[in-house]
Structures are given as C-alpha cells and as structure tokens.
Amino acid sequence: MPFVWDEKYRLGIPEIDRQHQTFLLLLNKAFDFYSHQLNNLDGEALRQRLLKDLSGLREFARAHFATEEALMERSDYPKLGGHRQEHAKFLEIANVLEEKISGPGAFSPTEWIDVILHWYDHHVQHIDWEMGDFLRERENL
Ligand SMILES: [Fe+2]
Ligand SMILES: [Fe+2]
C-alpha cells in the first residue's frame, strides 16, 4: 500500500472523508496488481487492465464529485463554480490518460496513478479543504 491515507486529508465530514479514503484504496489496489502481475500479462492484456482500472476510478470520482457538489449547492457555497471546474479538470485529465494508454506509444503502468495522485493531493488538501471548512461551519457537521 504505497499511498497512505494521512490526517492532512481529513476534512471532518465523515461521508466525504470515507470517499476520499476509498479513492486512495482504488489507486492502491491498481498499483498492487501491477506490482505483482506485471510479468504475467502481455502488452494488450495490460493495456485493457489499465483502461478498466482508470475507468472504474473515473466512475467513482464522478459519484464523489456529485456528492460534494450537492453539499455545496445546499449550503450556497460561494466557490462552487471554481470547485466544479476543478472536478471537470480531473475528468479531462482522465480522458487524456485514457487516450494515451489506448494509443500506439509506450506507457508505464503506474504513470496514470502518479498523475491522478498528484491531482488528488492538491485538490483534497486545498480545494476540498476550503470547502470542508465552509461546510463544517455552515452545517455544524
Ligand atoms: Fe473530494
Ligand atoms: Fe472536490
């Protein structure tokens, strides 16, 4: 489990914190699989596996974004628009990664994980954290 949950990610909103933990868990599961099965898969099987993992994570992220956006709407969060754009950016990043993995060029199996982890680290610690601060105060969560 190379990507460890850290208290710095905790917003204090249990539903969101649980989803953020699951997000990391999905990345870890994919990473573990690549670490142990890499030699047993041919190029095409690996490509299909990466696409499946990436698409599973994207679907989870979509549902998670909907949860956050519903909470922000309910609380009239003033930065909802910007936050939505950051979520859209994630979906664009996932599309670019998907195209890259599907394309003819070489790809490293953990590259998509690194890119997404980088997004997660920044988004949760800054964008989500600011949202959490507002929601906790507004809703007494
Ligand atoms: Fe989030
Ligand atoms: Fe968010």
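Everything here concerns the structure above.
The following refers to the structure shown. In this text, all values refer to a predicted model and were calculated from it rather than measured experimentally.

1. Some remarks on the environment of Val115
(1) Moving on: Summarising the element assignment, Val115 is placed in helix 4 (residues 111–139).
(2) Moving on: C-alpha separation for the pair Val115 and Ile93, spaced 22 residues apart in sequence, amounts to 8.3 Å.
(3) Moving on: The residues contacting Val115, other than those within four sequence positions of it, are Ile93 and Leu97.

2. Topic: helix 2 (residues 43–74)
Given 3.6 residues to a turn, an α-helix orients residues that are three or four positions apart in the same direction.
(1) Moving on: An ideal rise of 1.5 Å per residue puts 46 Å on 32 residues; helix 2 measures up with 47 Å between its terminal C-alpha atoms.
(2) Moving on: Among the residues of helix 2, those classed as buried are Leu50, Asp53, Leu57, Ala61, His64, Glu68, Leu71 and Met72.

3. Re unusual backbone geometry
Excluding glycine, most residues fall at negative phi; most peptide bonds, likewise, are trans.
(1) Moving on: Even without a glycine there, the phi angle at Asp76 is positive, about 50°.
(2) Moving on: Within the secondary structure layout, Asp76 lies in the loop between helix 2 and helix 3 (80–102).
(3) Moving on: Judged by the 9 C-beta atoms lying within 10 Å of it, Asp76 is exposed.

4. Comments concerning the packing of helix 1 (residues 14–37) against helix 2
(1) Moving on: Viewed as axis vectors pointing N to C, helix 1 and helix 2 meet at an angle of 175°, and their least axial separation amounts to 11 Å. With respect to their mutual orientation, helix 1 and helix 2 come out roughly antiparallel. On helix 2, the residues that touch Glu15, Ile16, Gln19, Thr22, Phe23, Leu26 and Ala30 of helix 1 are Asp53, Gly56, Leu57, Phe60, Ala61, His64, Thr67 and Glu68.
(2) Moving on: Each residue belonging to the contact of helix 1 with helix 2 can be placed in one class, and the counts come to seven nonpolar, five polar and three charged.

5. With respect to the nonpolar core
(1) Moving on: If you look at the biggest cluster of nonpolar residues, it comprises 12 residues: Phe23, Leu27, Ala30, Leu50, Leu57, Ala61, Ala94, Leu97, Ile101, Trp112, Ile113 and Ile116.
(2) Moving on: Ranked by size, the runner-up nonpolar core spans seven residues in total, among them Leu11, Ile16, Leu71 and Met72.

6. Topic: the environment of His118
(1) Moving on: Note that His118 resides in helix 4.
(2) Moving on: C-alpha separation for the pair His118 and Trp5, spaced 113 residues apart in sequence, amounts to 14 Å.

Rules used in this analysis
Residues numbered from 1 in each chain as written. Chains lettered and ligands numbered in written order. Predicted model: local features only at pLDDT ≥ 70, side-chain atom pairs only at ≥ 80, totals over all residues. Helix = DSSP H or I, 4+ residues; strand = E, 2+ residues; numbered from the N terminus. Contact = placed C-beta atoms within 7 Å. Expected span 1.5 Å × (residues − 1). Buried ≥ 20, exposed ≤ 12 C-beta atoms within 10 Å, placed from the backbone. Axes fitted to C-alpha atoms, helices over the stretch in contact; angles between N-to-C directions. Parallel < 35°, antiparallel > 145°, perpendicular 65-115°, else oblique. Nonpolar A, V, L, I, M, F, W, Y, C, P; charged D, E, K, R; others polar. Core = buried A, V, L, I, M, F, W, Y, C linked by C-beta atoms within 7 Å.

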